[in-house]
Number of protein chains: 2
Amino acid sequence: MSADPDLAFDEQELLPAIAQDADSGEVLMLAYVTENALERSRETGEAHYYSRSREELWHKGGSSGHVQRIREIRVDCDGDAILYLVEQEGGACHTGYDSCFYRTLDGETVGEKVFDPESVYE
Amino acid sequence: MSADPDLAFDEQELLPAIAQDADSGEVLMLAYVTENALERSRETGEAHYYSRSREELWHKGGSSGHVQRIREIRVDCDGDAILYLVEQEGGACHTGYDSCFYRTLDGETVGEKVFDPESVYE
């Protein structure tokens, strides 16, 4: 399958992808997708990203079980960012919080801890 | 003022910034900030970004009047993305839609048009 015509992948062939909880509206995380990751998301109905640190396709929740079931994928006006509207299993953040954005810039914790990371990641 | 200790600007000294409507929860746009843009946002209470195309500080709504009043700024777990929770004046998108994410990946328009761009941008 070729690239969607109106997607503008950057020079590293990545596109930033925001994951938002489809029910609560909470912004869960920001990660990146390749064209392949996006195709896998559409095919499987579960959010896939590209891990820049591991340099590989990343099925979110593939090991932890904290998958994101995709309800809708949106694209922005100039095609250089996408938005996954998801149903989040468990919590989105590896720290145990529901969202990766669990702190204010001033350091106050505003998110909710929903699982114990030590019991999930060995 | 030095950089906040837990912010991880990329090699171009940029950080992706998501703007979310603080009341409706709608994700409005994704743009980028420099340390300077972030400082201007904190000082003025209105969202500033860095325009990569114009290569300059960008006060969102500075010419259109569609400013974003910042209610809170959040940072993600690894400090490489921020979230502006804002009160959006007018619409966020230059196309006239409330959000830049007004289309699904399949091309369906799901956003709401809130202003006529031709009457705002000359």
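Everything here concerns the structure above.
Residues numbered from 1 in each chain as written. Chains lettered and ligands numbered in written order. Predicted model: local features only at pLDDT ≥ 70, side-chain atom pairs only at ≥ 80, totals over all residues. Heavy atoms only, no water.

Enquirer: What should I look at first to understand the overall build of chain A in this one?
Expert: Of the regular secondary structure elements, chain A holds 2 helices and 7 strands. Helices and strands in chain A line up, N terminus first, as β-β-α-β-β-β-β-β-α. The C-alpha atoms of chain A give a radius of gyration of 14 Å, which matches the 14 Å a tight globule of 122 residues would have. Taken along its principal axes, the extent of the C-alpha atoms in chain A is 40 × 30 × 25 Å. For chain A, the proportion of its 122 residues judged to be buried stands at 49%. In chain A, 39% of the contacts between residues at least 6 apart in sequence involve partners at least 24 apart. Carbon and sulfur atoms provide 40% of the accessible area of chain A, an area that totals close to 5,900 Å². A distance of 3 Å separates the average location of the 10 positive side-chain charges in chain A from that of its 27 negative side-chain charges. (Helix = DSSP H or I, 4+ residues; strand = E, 2+ residues; numbered from the N terminus. Rg over C-alpha atoms; globule rule 2.2 N^0.38 Å. Buried < 20%, exposed > 50% of the residue type's maximum accessible area, 1.4 Å probe, protein only. Contact = heavy atoms within 4.5 Å. Areas by Shrake-Rupley, 256 points an atom, 1.4 Å probe, with all protein chains shown as cover. Lys, Arg positive; Asp, Glu negative; His and termini not counted. Charge placed at Lys NZ, Arg CZ, Asp CG, Glu CD.)

Enquirer: Looking at this model, I keep getting lost on unusual backbone geometry. Mind explaining?
Expert: If a residue is not glycine, its phi is most likely negative; likewise, a peptide bond is most likely trans. The phi torsion at A:Glu13 lies on the positive side, around 65 degrees, for a residue other than glycine. One can find A:Glu13 in the segment before β1 (15-21). Its identity as a non-glycine residue notwithstanding, B:Glu55 has a phi of 55 degrees, on the positive side. Summarising the element assignment, B:Glu55 is placed in the loop between β3 (48-51) and β4 (56-59). B:Glu55 gets classed as exposed once you look at its relative accessible area, which sits at 63%.

Enquirer: I would appreciate a short explanation of the interface of chain A and chain B in the present structure.
Expert: Interface size is commonly expressed as the accessible area that is lost once the parts come together. With 34 residues of chain A at the interface, the matching set in chain B holds 34 residues. Between chain A and chain B, the buried area comes to about 3,000 Å², and carbon and sulfur atoms account for 61% of it. For the interface between chain A and chain B, the tally reads 6 salt bridges. Counting across the chain A and chain B interface gives 16 residue pairs in polar contact (both at pLDDT 80 or more). Of all the elements in the fold, those that place two or more residues in the side of chain A that touches chain B are β1, β2 (27-33), α1 (35-44), β5 (68-75), β6 (82-88) and β7 (103-104) of chain A. Residue contributions to the side of chain A that touches chain B peak at 4 residues, all from β5(A). (Buried area = accessible area lost by both parts, 1.4 Å probe. Salt bridge = Lys/Arg side-chain N within 4 Å of Asp/Glu carboxyl O. Polar contact = N/O pair within 3.5 Å; in protein donor to acceptor, adjacent residues only side chain to side chain.)

Enquirer: What's the story with the sheet that holds strand β2 (residues 27-33) of chain B in this structure? I'm lost.
Expert: To summarise the sheet geometry, strands pair through backbone hydrogen bonds and adopt either a parallel or an antiparallel arrangement. Taken in spatial order, the 5 strands line up as β7(A)-β5(B)-β6(B)-β1(B)-β2(B) in an open sheet, and their pairing is mixed. Edge positions in the sheet fall to β7 of chain A together with β2 of chain B, since each has one partner strand and no second. Pairing of strand β1 (residues 15-21) of chain B with β2(B), which is carried by 6 bridges, proceeds in the antiparallel orientation. Residue B:Ile18 lies in a different strand from β2(B), and its bridge partner there is B:Leu30. Contacting β2, β5 (68-75) and β6 (82-88) of chain B, helix α1 (residues 35-44) of chain B runs over the sheet at an angle of about 40 degrees to β6(B). (Pairing = 2+ DSSP bridges. Axes fitted to C-alpha atoms, helices over the stretch in contact; angles between N-to-C directions.)

Enquirer: I tried to follow the pairing of β3(B) on my own but got confused; where do I start?
Expert: Walk down a regular strand and you will see the side chains alternate between the two sheet faces. All names here are of chain B. The pairing of β3 with β4 spans 4 bridges and is classified as antiparallel. For Tyr49, the partnering residue across the bridge sits in β4 and is Trp58. Between β3 and β4, which follow one another and run antiparallel, lie 4 residues, and Glu55 among them has a positive phi close to 55 degrees.

Enquirer: I tried to follow the sheet that holds β6(A) on my own but got confused; where do I start?
Expert: Pairing is mixed across the open sheet formed by 5 strands, whose spatial order is β2(A)-β1(A)-β6(A)-β5(A)-β7(B). At either margin of the open sheet sits one strand with a lone partner, and together these are β2 of chain A together with β7 (103-104) of chain B. Pairing geometry for β5(A) and β6(A), over 7 bridges, is antiparallel. Paired with A:Glu72 across the strands is A:Leu85, a residue of β6(A). Of the strands in this sheet, β2, β5 and β6 of chain A are in contact with α1(A), which crosses β6(A) at around 40 degrees.

Enquirer: Hey, could you run me through the pattern of salt bridges in this one?
Expert: Proximity of charged atoms lets side chains of opposite charge pair with each other. Enumeration over the complete set of coordinates arrives at 19 salt bridges over all chains. Between A:Glu56 and A:Arg54 there is a salt bridge, and its shortest N-O distance comes to 3.3 Å. What makes A:Glu56 partly exposed here is its relative accessible area of 39%. When its relative accessible area of 46% is taken as the criterion, A:Arg54 is described as partly exposed. What emerges from the salt-bridge pattern is a single network uniting B:Asp23, B:Arg69, B:Arg71, B:Glu87 and B:Glu89.

Enquirer: Would you explain the pairing of β5(A) in this entry?
Expert: Where β5(A) folds back on β6(A), the antiparallel hairpin that results is connected by 6 residues, among which A:Gly79 adopts a positive phi of roughly 70 degrees. Across 2 bridges, β5(A) lies against β7(B) in antiparallel orientation. Counted as the bridge partner of A:Arg74 is B:Thr104 from β7(B).

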